[in-house]
Amino acid sequence: QVQLVESGGGLVQAGGSLRLSCAASGRTFRTYTLGWFRQAPGKEREFVAAISSNGARLYYADSVKGRFTIARDNAENTVSLQMNSLRTEDTAVYYCAAGSPMSGRAYYPSEYRYWGQGTQVTVSS
């Protein structure tokens, strides 16, 4: 019902910035909470940020709060992740996801039904 296509990953030096974008298709896009998750080799997939269907609620992992910003444009069916002050530990494959998490559950991958293919972000020292 919802298809997600990511772009914007790449290689950046520590302290630099990248902007990830995820384009979505599907009639019900506007009804979904959208999230960003990341996964490094050998590690579990972890929550990064999420935004509610109307953009009123934003959620951030403690590790990225103050550095990353999530936004959505429902008219364009996109969600973005602006990443500033990047650190080497931010290196991971980043995934966008769409779902309908219950209250207080936006942090959990299991709450999201649709996932993008992932885009690699590598931060060098």
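On a predicted model such as this, the values are computed, not experimentally measured, just so you know.

Analysis parameters
- Per chain, residue numbering runs from 1 following the sequence as it is written.
- This being a predicted model, a pLDDT of at least 70 is required before a residue's local features are given, and a value of 80 or more before pairs of side-chain atoms are given or counted; all residues contribute to the totals for chains, interfaces and linings.
- Based on all heavy atoms of the structure, the side-chain values leave hydrogens and waters out of the count.
- Secondary structure elements follow DSSP: runs of H or I no shorter than four residues count as helices, runs of E no shorter than two count as strands, and numbering proceeds from the N terminus.
- By the convention used here, residues are in contact when the closest approach between their heavy atoms is within 4.5 Å.
- For the purposes of these results, a polar contact is taken to be a pair of N or O atoms within 3.5 Å, where, inside protein, one atom must be able to donate a hydrogen and its partner to accept one; residues adjacent in sequence count only when each atom of the pair is a side-chain atom.
- Any two of the Phe, Tyr and Trp rings considered here, Trp counted by its six-membered ring, make a pair once their centres fall within 6.5 Å; the pair's planes then place it as stacked at under 30 degrees, edge-to-face at over 60, or tilted in between.
- Note on exposure labels: buried denotes an accessible area under 20% of the residue type's maximum, exposed denotes more than 50%, and partly exposed covers the range between, all computed with a 1.4 Å probe on protein chains only.
- Comment: the charge-over-ring label is applied if NZ (Lys) or CZ (Arg) is within 6 Å of the ring centre and within 35 degrees of the ring normal.

Novice: Run through the environment of R38, naming residues and quoting values.
Specialist: Here R38 is to be found in strand 4 (residues 33–39). In contact with R38, other than residues within four places in its own chain, are E44, R45, E46, V48, S63, V64, F68, E89, D90, A92, V93 and Y94. Within polar-contact distance, the side chain of R38 engages the side chain of E46 at 2.6 Å. Among the polar contacts made by the side chain of R38, one reaches the side chain of Y94 at a distance of 2.9 Å.

Novice: Please provide a residue-by-residue account of the packing of aromatic side chains, values included.
Specialist: Tallying each qualifying case throughout the model produces 8 aromatic pairs. Note on Y59 and Y107: the rings are 5.7 Å apart at their centroids and 85° apart in plane angle, and the pair reads as edge-to-face. Taken together, the positions of Y59 in strand 6 (residues 58–60) and Y107 in the loop between strand 9 (92–99) and strand 10 (112–115) put the pair 48 residues apart, joining distant regions of the chain. Classification of Y59 by relative accessible area gives buried; the value is 17%. On the basis of an interplanar angle of 75° and a centroid distance of 6.5 Å, the ring pair of Y95 and W115 is categorised as edge-to-face. Placement of the pair is Y95 in strand 9 and W115 in strand 10, with a sequence separation of 20 residues. Taken together, the aromatic side chains of F37, F47, Y59, Y95, Y107, Y112 and W115 make up a single cluster linked through ring pairs. Its guanidinium or amino end placed over the ring of Y108, R105 lies 4.4 Å from that ring's centre, counting from NZ or CZ.

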